[in-house]
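Spelled out from the first residue to the last, the chains are:
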Amino acid sequence: MGPQTADVLIVGAGVIGASIAFHLTRLGIKPLLVEKSDPAAGSSGACDGLVFLQSKKPGLHLKLALESRKRFDSLVDQLGSRIEFKNPGGLCLIESESELAAMQLFVAEQRTSGLDVELIDGDEARRREPCLSRKVIAATFSALDSQVNPYALTFAFLRAAESAGARILTGVEVKGIEVASSKATGIFTENRRIGASVVVNAAGALAAEVGRLAGLEIPVTPRRGQILVTAAVPPLLRHCLISAQYVAAKFKPELAATGGMGFSLEQADSGNILIGSTREFVGFDRRTTFDGIRTIASRIAPVIPALKNVPVIRTFGGLRPYTPDGLPILGKVAGLEGFIMAAGHEGDGIALSAITGELIADLIVTGRTQFPLDAFRLERFLEGAA
Ligand SMILES: Cc1cc2nc3c(=O)[nH]c(=O)nc-3n(C[C@H](O)[C@H](O)[C@H](O)COP(=O)(O)OP(=O)(O)OC[C@H]3O[C@@H](n4cnc5c(N)ncnc54)[C@H](O)[C@@H]3O)c2cc1C
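Below is a summary of the structure that appears in this document. Predicted, not measured: the structure shown is a model, and the values here were computed from it.

**Re the overall build of the protein chain**
Okay, so step 1: For the protein chain, the helix and strand inventory stands at 10 helices and 18 strands.
Okay, so step 2: Expected size for 386 residues packed as a compact globule is a radius of gyration near 21 Å; at 21 Å, the protein chain falls within 12% of this value.
Okay, so step 3: Based on the C-alpha atoms only, the size of the protein chain along its principal axes is roughly 65 × 40 × 40 Å.
Okay, so step 4: Burial analysis of the protein chain (386 residues in total) assigns 61% to the buried set.
Okay, so step 5: A total accessible area of about 15,200 Å² is found for the protein chain, and carbon and sulfur atoms account for 52% of it.
Okay, so step 6: Computed over 41 positive and 40 negative side-chain charges, the inter-centroid distance for the protein chain is 2 Å.

Below is the structure:
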């Protein structure tokens with residue numbers, strides 16, 4: 001039959017719901033996660049694993065990411081399972097003079113937000129990362145950029161939460177949210193009600209649908225990314241890599257005047273290289289397309305010639321939970337007591353999972369957070385602040 005009530009009920013067992021559950025158990029709360037499919041069946045199991053700082057928008061976004069990155073070092077011990085976290089540092093590759101000019105400005109903004117980032121020339125970039133071709137004329141480097149296995153991370157959060165008393169219902173869709181006197185008091189599944197003092201919307205790209213169940217308009221839409229995975233090869237990449245156009249494609253189209261598509265690369269412990277990714281608004285269609293995959297592959301080969309003859313063994317698509325201003329939606333919702341938002345992390349949910357889980361757990365248990373959540377509230381969209 002399963003539980004009839006929960007102190008805290010979390011909708012969605014992706015990396016965000018899982019991290020919130022883990023952090024709640026550390027504060028003595030035993031939450032219930034309700035997942036319509038399997039853990040990590042959404043974006044958290046269909047993405048890269050970059051814990052990258054250089055790709056974050058200077059300002060609040062980058063500051064939040066820095067806080068999250070700090071926590072990854074201790075997470076490895078706290079979670080007690082292997083999450084393949086490593087900290088090789090990251091290079092952002094610059095391929096044209098116009099990108100270089102734009103990145104010089106961007107680096108200045110990043111430094112103002114507290115990121116230690118350095119601009120190096122093409123030869124220095126090749127000295128540090130010998131697989132790069134002469135197409136790379138310069139690069140920016142941050143020693144903090146890291147990577148993790150997103151799937152392993154999600155399951156590690158869940159296992160640690162479960163062993164501390166959290167419960168997980170899989171294959172159970174939340175179909176209704178019970179609201180009484182402007183307060184969320186539980187959820188409805190296909191065939192029953194589960195009462196809860198607090199309901200957390202951690203439904204990722206589906207957060208708008210879950211919000212609608214409570215009468216809320218939540219501006220989260222799916223933004224597809226396609227990724228290709230190469231055969232395992234001996235260690236080739238010394239760093240995680242992104243292109244300057246990746247930064248541009250994400251939130252500053254004016255950064256790169258050359259057009260084209262940005263890319264990211266990371267080599268997993270298994271030796272496979274993940275190469276991403278497109279950014280497309282195509283609804284909930286997670287399929288890959290020949291055009292998307294061909295575009296990514298043709299962008300990589302001139303920059304890393306050694307990859308030209310490495311076979312691609314798999315491709316997949318995932319849906320980023322996109323918000324209009326690129327920031328997640330976190331915290332309480334005005335006019336609906338007991339309902340907490342934790343969604344809309346776009347292409348950064350893995351990197352931001354550690355801090356998101358901690359902040360939401362603190363908010364629920366103590367009513368206070370170490371990092372102010374005002375700028376992340378749902379109401380910013382209603383107030384026209386986006
Ligand atoms: C191609 C691509 C590359 C990316 N690369 C990176 C990267 O390198 N670094 C990074 O930090 N981030 C990256 N991301 C972003 C990252 O994957 C997401 O931000 C993150 O996974 C979002 O986690 P989530 O828990 O919010 O959502 P999800 O993982 O989607 O979890 C939400 C869960 O809620 C469940 N759910 C939804 N509705 C209901 C319901 N009604 N009832 C019950 N359950 C429900 C879903 O089944 C799902 O399991 C990438 C994303 C993509 C697509």
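**Details of the site of the ligand**
Okay, so step 1: Among the 38 residues in the neighbourhood of the ligand, the closest are listed as Glu 35, Ser 44, Leu 50, Glu 346 and Ala 351.
Okay, so step 2: Here an oxygen atom of the ligand and a side-chain polar atom of Glu 35 are 2.6 Å apart.
Okay, so step 3: At 2.9 Å from an oxygen atom of the ligand is found a main-chain nitrogen or oxygen belonging to Ile 350.
Okay, so step 4: Burial of the ligand by the protein amounts to 97% of the accessible area it has alone, namely 1,000 Å².
Okay, so step 5: Residue assignment for the shell around the ligand shows that the elements contributing at least two residues are α1 (15–26), β2 (32–35), β12 (221–230), β16 (312–322) and α9 (349–366).
Okay, so step 6: Per-element tally for the shell around the ligand: the top contributor is β16, with four residues.

**Brief notes about the nonpolar core**
Okay, so step 1: Ranked by size, the top nonpolar core spans 55 residues in total, and within it Ile 10, Leu 79, Leu 153 and Val 200 carry the most contacts.
Okay, so step 2: Elements with a contribution of two residues or more to this core: β1 (5–11), α1, α2 (60–79), α5 (150–163), β11 (193–201), β18 (336–343) and α9.
Okay, so step 3: If one sorts the elements of this core by residue count, α9 sits on top with 10 residues.
Okay, so step 4: The contacts of Leu 79, once residues within four sequence positions are left out, are Phe 22, Leu 153, Ala 156, Phe 157 and Ala 160.
Okay, so step 5: If you look at the next biggest cluster of nonpolar residues, it comprises 28 residues, including Ala 184, Val 199, Leu 216 and Met 341.

**A short note on the pairing of strand β4 (residues 90–94)**
Okay, so step 1: The element β4 is extensively covered by neighbouring structure, given that five of its five residues are classed as buried.
Okay, so step 2: Neither face of β4 is exposed, since Gly 90, Cys 92 and Ile 94 on one face and Leu 91 and Leu 93 on the opposite face are all buried.
Okay, so step 3: Note that β4 and strand β6 (residues 138–142) share five bridges and pair antiparallel. Along β6, the bridge assignment pairs Cys 92 with Thr 140.

**What about helix α8 (residues 290–300)?**
Okay, so step 1: Those residues of α8 not exposed but buried are Gly 292, Ile 293, Ile 296, Arg 299 and Ile 300. Taken down its axis, α8 places every buried residue within 130° of arc, on the same side.

**Re the sheet that holds β4**
Okay, so step 1: On the basis of which strands lie adjacent, the open sheet formed by eight strands has the order β5-β6-β4-β13-β14-β15-β12-β16 and mixed pairing. Both edges of this open sheet fall to β5 (118–121) and β16, since each of them pairs with a single strand only. Direction aside, neighbouring strands of the sheet carry axes that sit 25° apart on average.
Okay, so step 2: Contacts from helix α3 (residues 97–112) reach β4, β5 and β6 within the one sheet, and its direction differs from that of β4 by about 145°.
Okay, so step 3: In this fold α8 packs onto β12, β13 (240–243), β14 (264–267), β15 (273–276) and β16, with an angle of close to 55° to the strand it touches most, β12.

**Details of the packing of aromatic side chains**
Okay, so step 1: Counted according to the given criterion, the structure contains five aromatic pairs.
Okay, so step 2: Arranged with centres 5.4 Å apart and planes meeting at 15°, the rings of Phe 72 and Phe 85 form a pair that is stacked. Here Phe 85 lies in the loop between α2 and β4 and Phe 72 lies in helix α2, a separation of 13 residues in the sequence.
Okay, so step 3: Phe 72 sits in the buried class, given a relative accessible area of 0%.
Okay, so step 4: Pairing Phe 371 with Phe 376 gives two aromatic rings, centres 6.3 Å apart and planes at 45°, and the pair type is tilted. In this pair, the class of Phe 371 matches that of Phe 376, namely buried.
Okay, so step 5: We note Arg 128 situated over the ring of Phe 141; from NZ or CZ to the ring centre the distance is 5.0 Å.

What counts, and at which threshold
Positions within a chain are numbered from 1, following the residues in the order the chain's sequence is written. It should be noted that, the model being predicted, local features are given only for residues of pLDDT at least 70 and side-chain atom pairs only at 80 or more, the latter also being counted only at that level, while totals for whole chains, interfaces and linings use all residues. In computing side-chain values, all of the structure's heavy atoms are included and hydrogens and water are not. Put simply, DSSP marks the helices as runs of H or I at least four residues long and the strands as runs of E at least two long, and each gets a number from the N terminus on. Two things to know: the radius of gyration comes from C-alpha atoms, and the globule rule equals 2.2 Å times the number of residues to the power 0.38. Burial classes: relative accessible area under 20% of the type maximum marks a residue as buried, over 50% as exposed, and values in between as partly exposed (1.4 Å probe, protein chains only). Surface accessibility in these figures is a Shrake-Rupley result with a 1.4 Å probe; residues are shielded only by whichever protein chains are displayed. Charge assignment in this entry is limited to Lys and Arg as positive and Asp and Glu as negative, and neither His nor the chain termini are counted. We put the charge of a Lys on NZ, of an Arg on CZ, of an Asp on CG and of a Glu on CD. Nearness is defined per residue: one heavy atom within 4 Å of the molecule or strand is enough. What qualifies as a polar contact is a pair of N or O atoms within 3.5 Å, subject to a donor-acceptor requirement within protein and to the restriction that residues adjacent in sequence count only when both atoms come from side chains. In this text, buried Ala, Val, Leu, Ile, Met, Phe, Trp, Tyr and Cys residues form a nonpolar core when linked through side-chain atoms within 4.5 Å. Throughout, a residue-residue contact means that at least one pair of heavy atoms, one from each residue, lies within 4.5 Å. Should DSSP find at least two bridges between two strands, the strands are taken to pair. As used here, the arc is the angular range of directions from the helix axis to the C-beta atoms. Axes here refer to lines fitted to C-alpha atoms; in helices the fit is confined to the stretch in contact. Angles between the N-to-C directions go from 0 to 180 degrees. Under the pairing criterion, centres of Phe, Tyr and Trp rings, with the six-membered ring standing for Trp, must be within 6.5 Å; the plane angle then separates stacked pairs below 30 degrees from edge-to-face pairs above 60, leaving the rest tilted. A ring has a charge above it when a Lys NZ or an Arg CZ is no more than 6 Å from the ring centre and no more than 35 degrees off the ring normal.

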